[in-house]
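Summary of structural features
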Amino acid sequence: QVQLVESGGGLVQAGGSLRLSCAASGRTFSTYTMGWFRQAPGKEREFVAAISWSGDDTYYGASVKGRFTISRDNAKNTVYLQMNSLKPEDTAVYYCAARPGPITPKVVVRTNEYDYWGQGTQVTVSS
């Protein structure tokens, strides 16, 4: 069982930056693929980014590529999402997700590939 707790959300002006953190419980964090998803009101949950257990492989959604960076610190059981050049359309609740073992690029965007989810943290970007 893994518990995930997100933090770092808030209100920021367009063009600004935020860094989200996701702290995970459990001794096997280093074996999990970790992901970030987001959900805006009235929309489906959308893939943002994912990172392999080693940190060697990263994946990004088209709308955030080049602006967001995912990273992890296995010693701290934490995954991060650095968000730069934020836009009003990035406004959403951001969720951290975990999946035991590796993941393939074909399925990395699918919510049902992840077993554990955090409660979410609100990010609001004002224009």
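Up top is the structure these notes are about.
All values derive from a computational prediction rather than experimental measurement. (Residues numbered from 1 in each chain as written. Predicted model: local features only at pLDDT ≥ 70, side-chain atom pairs only at ≥ 80, totals over all residues. Heavy atoms only, no water.)

1. Some points on the nonpolar core
One broad trend across soluble globular proteins is that nonpolar side chains are buried collectively. Rule in force here: Nonpolar cores were defined as sets of buried Ala, Val, Leu, Ile, Met, Phe, Trp, Tyr and Cys residues, with membership established by side-chain atoms within 4.5 Å. A simple rule labels every residue: compare its accessible area, found with a 1.4 Å probe on the protein chains alone, to the largest value its type can have, and call it buried under 20%, exposed over 50%, or partly exposed in between. A run of DSSP states H or I qualifies as a helix once it reaches four residues; a run of E qualifies as a strand once it reaches two. Both are numbered from the N-terminal end. Note on contacts: a residue pair is in contact if any heavy atoms of the two residues lie within 4.5 Å.
Counting 29 residues, the largest nonpolar core has L4, M34, W36, L81, M83 and Y94 as its most contacted members. Elements represented by at least two residues in this core include exactly β3 (18-24), β4 (32-39), β5 (46-51), β7 (68-73), β8 (78-83), β9 (92-100) and β11 (121-126). Discounting chain neighbours no more than four positions away, the residues touching L81 are L18, R19, L20, W36, V48, A49, F68, T69, I70 and Y94.

2. Here we look at the state of the cysteines
Note the following rule: We call a pair of cysteine sulfur atoms a disulfide whenever their separation is within 2.5 Å.
All chains considered together, the criterion is met by 1 disulfide. At a sulfur-sulfur separation of 2.1 Å, the disulfide partner of C22 is C96. What sets the handedness of the C22 and C96 disulfide is the S-S torsion sign, and at about -80° it is left-handed. Taken together, the positions of C22 in strand β3 and C96 in strand β9 put the pair 74 residues apart, joining distant regions of the chain.

3. Observations concerning the pairing of β5
The two faces of the sheet receive side chains in turn, since in a regular strand these alternate between them. This is how the line gets drawn: Criterion used throughout: strands pair if DSSP finds at least two bridges between them.
Within β5, 5 of the 6 residues are buried, which leaves it mostly tucked inside the rest of the structure. The pairing of β4 with β5 spans 5 bridges and is classified as antiparallel. For R38, the partnering residue across the bridge sits in β5 and is E46. Bridge count for β5 against strand β6 (residues 58-60) is 3 bridges, and the pairing is antiparallel. From the neighbouring strand, I51 faces β6, where its bridge partner is T58. A loop of 6 residues connects β5 with β6, the two strands running antiparallel in sequence, and G55 in this loop sits at a positive phi of about 90°.

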